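Here is how the chains run, residue by residue.
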Amino acid sequence: MSIVIKNLCKSYKKNLVLDNLNLEVKEGTLFGLLGPNGAGKTTLLSILNFLIPKDSGTIEIAGKSLDTNQKEIKSICSIVPQSYAFYPKLTAYENLEFFASLYGLKNEALKKRINYCVEVCSLEKYINKQAHSFSGGLKRRLNIAIGLLNKPKILYLDEPTVGIDPQSRKYILEVIKEINKKEKTTIIYTSHYMEEVEYLCDEIAILDNSKIIFQENKEQIKNSEFGYKNLEEMFLSLTKQDLRD
Ligand code: ADP
């Protein structure tokens, strides 16, 4: 499903975080959203997922306004937040069962969907272990499995590979690719890791100084007239990145 954002504004008191932001994401895209710390990526995802209100502007999901179709849009979207969004004392299965029941899943449908999410995230061996005992990589995989329970048409992933080892990271990137390809899920992926975004995403945007300052697909970047060697060089050049808070 497509996402169209026009003139989106959001301030925290006097701090203008999103300033007339415009962004278009086509259906089925694996979309990378890059930006320095504090650029507003989490704020944008929070607005898209009804966690905080916008100040002004319009957002349409598959042509439907976010303002007037909250229930329907909530049912087809899912966010995997940066922080772990599960109960540490519950087992992986109990967590999945709990969140699946919040989506109204029951009996066979619940079991079937949990089994699918467990398989996609390779959690079989850990299903009856308490989540607090998991490694960082496993916790991230459980977070993603929970995010897949409602068969989202749009999946928002907020830095899902922070603080994990390279093997777990590689595995998670493959899982995300697979979800995008097999289920045709539109994915917005935020990350600081340029090489991840370069490897994973079809299209990339950079959020900086409260606006989208760049949006192109991978081919356009490769053939860029500026001749950047890689995404990192381009990112540093465009954001004129020096040390920020
Ligand atoms: P990013 O995800 O790109 O690192 P954030 O969306 O987390 O950026 O933050 C953007 C800006 O908004 C930062 O300056 C941050 O300090 C500020 N901010 C984020 N959340 C809040 C909040 N709940 N209250 C006040 N300021 C906030």
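All values reported here derive from a predicted model rather than from experimental measurement.

In the vicinity of the ligand, the residues found are Tyr12, Asn15, Val17, Pro36, Asn37, Gly38, Ala39, Gly40, Lys41, Thr42 and Thr43. The backbone of Gly38 places a nitrogen or oxygen atom 2.8 Å from an oxygen atom of the ligand. At 2.8 Å from an oxygen atom of the ligand is found a side-chain nitrogen or oxygen belonging to Thr42. Summarising the interface, the protein chains cover 57% of the accessible area of the ligand, which totals 560 Å² for the free molecule. For the shell around the ligand, the secondary structure elements donating two or more residues are β2 (15–25) and α1 (41–48). Classifying every residue of the shell around the ligand by side-chain character gives 4 nonpolar, 6 polar and 1 charged.

Bringing unusual backbone geometry into the picture now. Positioned with a positive phi, Asn7 is a non-glycine residue whose angle comes to about 50 degrees. Its place among the elements puts Asn7 in strand β1 (residues 3–12). For Asn7, a relative accessible area of 39% puts it in the partly exposed group. Look at Phe50: it is not a glycine, yet its phi comes out positive at around 65 degrees. The residue Phe50 is located in the loop between α1 and β4 (56–61) in this model. Look at Phe50 and you get partly exposed, because its relative accessible area is 21%.

When you tally the buried positions in strand β9 (residues 203–208), you get 6 out of 6 residues, the bulk of the element. Residues of β9 alternate between two faces, with Glu203, Ala205 and Leu207 on one and Ile204, Ile206 and Asp208 on the opposite face, all of them buried. By the bridge criterion, 4 bridges tie strand β3 (residues 30–34) to β9 in an arrangement that is parallel. Paired with Leu34 across the two strands is Ile206, which belongs to β9. Pairing of β9 with strand β10 (residues 211–217) involves 6 bridges; the strand directions are antiparallel. By the bridge assignment, Glu203 is partnered in β10 with Asn217. The turn linking β9 back onto β10 is made up of 2 residues, and Asn209 within it adopts a positive phi angle of 50 degrees.

Another aspect to go through is the sheet that holds β10. Read from one edge to the other, the open sheet built from 6 strands follows the order β6-β7-β8-β3-β9-β10, with strand pairing classed as mixed. Of all strands in the sheet, those with a lone pairing partner are β6 (77–80) and β10, marking the two edges. Strand-to-strand twist across the sheet, computed as the mean angle between neighbouring axes with direction ignored, equals 15 degrees. Helix-sheet contacts for helix α5 (residues 136–147) involve β6 and β7 (154–158), and the interaxial angle to β6 is about 170 degrees. The strands that helix α9 (residues 231–239) touches are β3, β9 and β10; relative to β9, the one it contacts most, it runs at about 30 degrees.

Moving on, we get to the pairing of β3. Counted residue by residue, β3 has 5 buried out of 5 residues, so it is predominantly covered. Burial of β3 is two-sided: the residues Leu30, Gly32 and Leu34 facing one way and the residues Phe31 and Leu33 facing the other way are all buried. Alignment of β3 against strand β8 (residues 186–190), held across 4 bridges, turns out to be parallel. The residue of β8 that forms the bridge with Leu33 is Thr190.

Rules used in this analysis
- Residues numbered from 1 in each chain as written.
- Predicted model: local features only at pLDDT ≥ 70, side-chain atom pairs only at ≥ 80, totals over all residues.
- Heavy atoms only, no water.
- Near = heavy atom within 4 Å.
- Polar contact = N/O pair within 3.5 Å; in protein donor to acceptor, adjacent residues only side chain to side chain.
- Areas by Shrake-Rupley, 256 points an atom, 1.4 Å probe, with all protein chains shown as cover.
- Helix = DSSP H or I, 4+ residues; strand = E, 2+ residues; numbered from the N terminus.
- Nonpolar A, V, L, I, M, F, W, Y, C, P; charged D, E, K, R; others polar.
- Buried < 20%, exposed > 50% of the residue type's maximum accessible area, 1.4 Å probe, protein only.
- Pairing = 2+ DSSP bridges.
- Axes fitted to C-alpha atoms, helices over the stretch in contact; angles between N-to-C directions.
- Contact = heavy atoms within 4.5 Å.

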